[in-house]
Amino acid sequence: MRNTAAALAAVAASAYFAYDFRWQQGIVELEEEAASRLDVASAAVFAPTQKFGYLPELLADHPVVVNALRHPQDRQRAREASRYLERVNASAQAAVVYLIDGEGRTIAASNADAVDSFIGRNYAFRPYFQNAIANGKATFYGIGATSLLPGYYVAQAVREGGRTLGVAVVKVDMTQLDQEWQRNEDEVAVTDDNGIIFLSTRPDWKYRPMVSLHAEALDEIKRSRQYGTMLKPPLPMRTVRTLHGNEAVVSIVGDGGNGVRFFVRSRPVEGSGWNISVFIPLSEVEARAWRVAFSTSGAIGLILMTLMMLAQAHARAEERESARQALEKKHSELQALSEELRAASITDPLTGAYNRRFFFESVPKIVSTANRHHVPLSIVTIDVDHFKRINDMYGHPAGDKVLQALTVLCKESLRESDVFCRFGGEEFIMALPNTDAEAAAQVAERLRVRVSAHAVEIKGMPGGITVSCGVSQYREGEQGIEAALRRADDALYVAKNEGRNRVVVR
Ligand SMILES: Nc1nc2c(ncn2[C@@H]2O[C@H](COP(=O)(O)OP(=O)(O)OP(=O)(O)O)[C@@H](O)[C@H]2O)c(=O)[nH]1
């Protein structure tokens, strides 16, 4: 359970780091892309400077212009100048070309015949007029005071013999950029010094402030009617993450109500309070980051799962092995115990000889062998003479030792195939396969002689131990060993009666 939780955490962490790593990479790529797009967009904004920069100078030198400004009240000269400016504008394709006298009043214009003609308007307040008067030349980006359209103004002082007569102005319509930018995949927006978008690839972004306006700025805009009724509520834009001073990730709520995330990079337009921004959708970068996150976490998940399965298989194999070993150990212990019990159940604890049970267990096999192969089988019963007396005179432990010593002697006189048991008390029995009564009597006699010849000597006991033996032979066809046993018992009885320390065959 803990392992699974740790593995899940590892998978989640790998997904997070893979996503973040690929996302950062994507952002670096976007930074470069945005920089180059900004270059292009800025160049488009600056293009009029290059295209029309020369024009006011030409105008300022032209005799019609100089003449008109020399006599600002002369309507005829002004009309001539307007005709000339109209022709110039027709070939230059600027928005409006006009002449302002030393007081700031427009006396001639290429749009002299238009309803919203500039003629008669006073532009003394315009910075381009003031700067041109002061410095000879001026450029200015601004929103048209009459047209409310964004424009680029190039102004040149018209001088004669050190005297400034007025200013020749070329106003370039910047709204053309809107159309050119429609071909852009990314969004471009130009904002004025209040942060209001007035040029954009997205018509629905136009005349919206990028950020909420301060009350003062809003009042001023309303009072000056800079955007008239076109001003809209702020763009529903939220900064998700600020990357650098001029870069950020923003979310803009679109028509569908869903936030679209963009990487945005901005740059000021030189010589104006304007800012130009490029918005590149983040969807591609995010999709790639998700793909990398999925594949990385998938691979790591697979590796971890494999490792966990291997570990589990290993643990199970170890468990099985230790269970097998434990079982084997138990089995050996049980086997040893069972052998011990078996040995105990067929062994006489005092002498270590087989007991009566073992005798009756092994004899049927010997009997059947004798019957099958027609070979003799004999029984010898051995009984210690006057054993009670030994016990009484020397104590029970001494009697025990006599029984143990006699067991050793009996075992020494036996063959591998013979069966020797303590039958009970001081009585022992032998079953001798492949042995007839005569040979069995010899075995018994040898044993009797060895015992009586002080072979059984117990410390503190002066010897004199004797045994009596009864011998009988199994007769073929007899049912079991019982009859032969009875005959051996009878023989032993006779041996005891005849004075003991003897072997009797029956
Ligand atoms: N020390 C000892 N004595 C035992 C053991 N088993 C039986 N006895 C004794 O053996 C004696 C057998 O005595 P009896 O059956 O009277 O026979 P006996 O004294 O040997 O006399 P006979 O057999 O007639 O010569 C009894 O006193 C038993 O207590 C034993 O394991 N250890």
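In every chain, residue numbers begin from 1 and rise along the written sequence. Where local features are concerned, this predicted model is filtered to residues with pLDDT of at least 70; where side-chain atom pairs are given and counted, the filter is 80 or more; whole-chain, interface and lining totals use all residues. Values reported for side chains reflect all heavy atoms of the structure, with hydrogen atoms and water molecules removed beforehand.

**Student:** When you look at the nonpolar core in this model, what are you seeing that I'm missing?
**Tutor:** Within soluble globular proteins, side chains that are nonpolar tend to cluster in buried spots. Counting 59 residues, the largest nonpolar core has V45, L59, L99, W181 and I276 as the members making the most contacts within it. Secondary structure elements follow DSSP: runs of H or I no shorter than four residues count as helices, runs of E no shorter than two count as strands, and numbering proceeds from the N terminus. In terms of residues, this core owes the most to one element, helix α1 (residues 2-52), which gives 10 residues. For the domains described, the bounds stem from an automatic or database domain assignment. Counting residues domain by domain, this core receives three or more from each of domain 1 (2-51 + 176-286) and domain 2 (53-173). Any pair of residues with heavy atoms lying within 4.5 Å of one another is described as a contacting pair. For V45, the residues in contact, after removing those within four places along its chain, are Y141, M174, L177, W181, V190, V269 and I276. Nonpolar core, defined: a set of buried Ala, Val, Leu, Ile, Met, Phe, Trp, Tyr and Cys residues in which side-chain atoms within 4.5 Å join the residues together. Relative accessible area decides the class of each residue, using a 1.4 Å probe on protein chains only: under 20% of the type maximum gives buried, over 50% gives exposed, and in between gives partly exposed.

**Student:** Sorry if this is basic, but what is going on with the site of the ligand here?
**Tutor:** Residues in contact with the ligand amount to 17 residues; listed here are only the nearest, H386, F387, N391, D400 and R422. Whenever two N or O atoms come within 3.5 Å, that pair is a polar contact, provided that in protein one can donate a hydrogen and the other can accept it, and provided that, for residues adjacent in sequence, both atoms are side-chain atoms. In the environment of the ligand, an oxygen atom lies 3.3 Å from a nitrogen or oxygen atom belonging to the side chain of E426. For the ligand, the protein covers 67% of the area, taking 660 Å² as the surface of the free molecule. For the shell around the ligand, the secondary-structure elements that each account for two or more residues are β12 (377-384), α10 (387-394) and α11 (396-412). Here the shell around the ligand gets 4 residues from one element, more than from any other, and that element is α11. Each residue is assigned to one of three groups, with Ala, Val, Leu, Ile, Met, Phe, Trp, Tyr, Cys and Pro labelled nonpolar, Asp, Glu, Lys and Arg labelled charged, and all others, Gly among them, labelled polar. Looking at side-chain class alone, the shell around the ligand contains 4 nonpolar, 5 polar and 8 charged residues. When we say a residue is near a molecule or strand, we mean one of its heavy atoms is within 4 Å of it. Reported accessibility uses the Shrake-Rupley method at a 1.4 Å probe radius. Residues are deemed covered only where the shown protein chains occlude them.

**Student:** What's the story with the packing of α10 against α11 in this structure? I'm lost.
**Tutor:** A pair of packed helices can be characterised by two numbers: the angle between their axes and the separation between those axes. In this analysis, axes come from line fits to C-alpha atoms, helices being fitted only over the stretch in contact, and the angle between any two N-to-C directions falls in the range 0 to 180 degrees. Where α10 contacts α11, the axes come no closer than 6 Å and their chain directions differ by 135 degrees. As judged from the angle between their axes, α10 and α11 are oblique. Across from F387, I390, N391 and Y394 in α10, the residues of α11 making contact are H396, A398, G399, V402 and L403. Working definition: roughly parallel below 35 degrees, roughly antiparallel above 145 degrees, roughly perpendicular at 65 to 115 degrees, and oblique for all remaining angles.

**Student:** Help me understand the pairing of strand β9 (residues 247-253), please; the structure alone is not making it clear to me.
**Tutor:** It is a general feature of regular strands that their side chains alternate between the two faces of the sheet. Most of β9 sits inside the fold, with 6 of its 7 residues counted as buried. A pair of strands is considered paired only if DSSP assigns at least 2 bridges between the two. Summarising the sheet, strand β8 (residues 237-244) and β9 pair through 6 bridges and their orientation is antiparallel. Bridging across to β9, M237 finds its partner in I252. Counting the residues that bridge the hairpin from β8 to β9 gives 2 residues. Summarising the sheet, β9 and strand β10 (residues 259-268) pair through 7 bridges and their orientation is antiparallel. Residue pairing for β10: S251 is matched across the bridge by R261.

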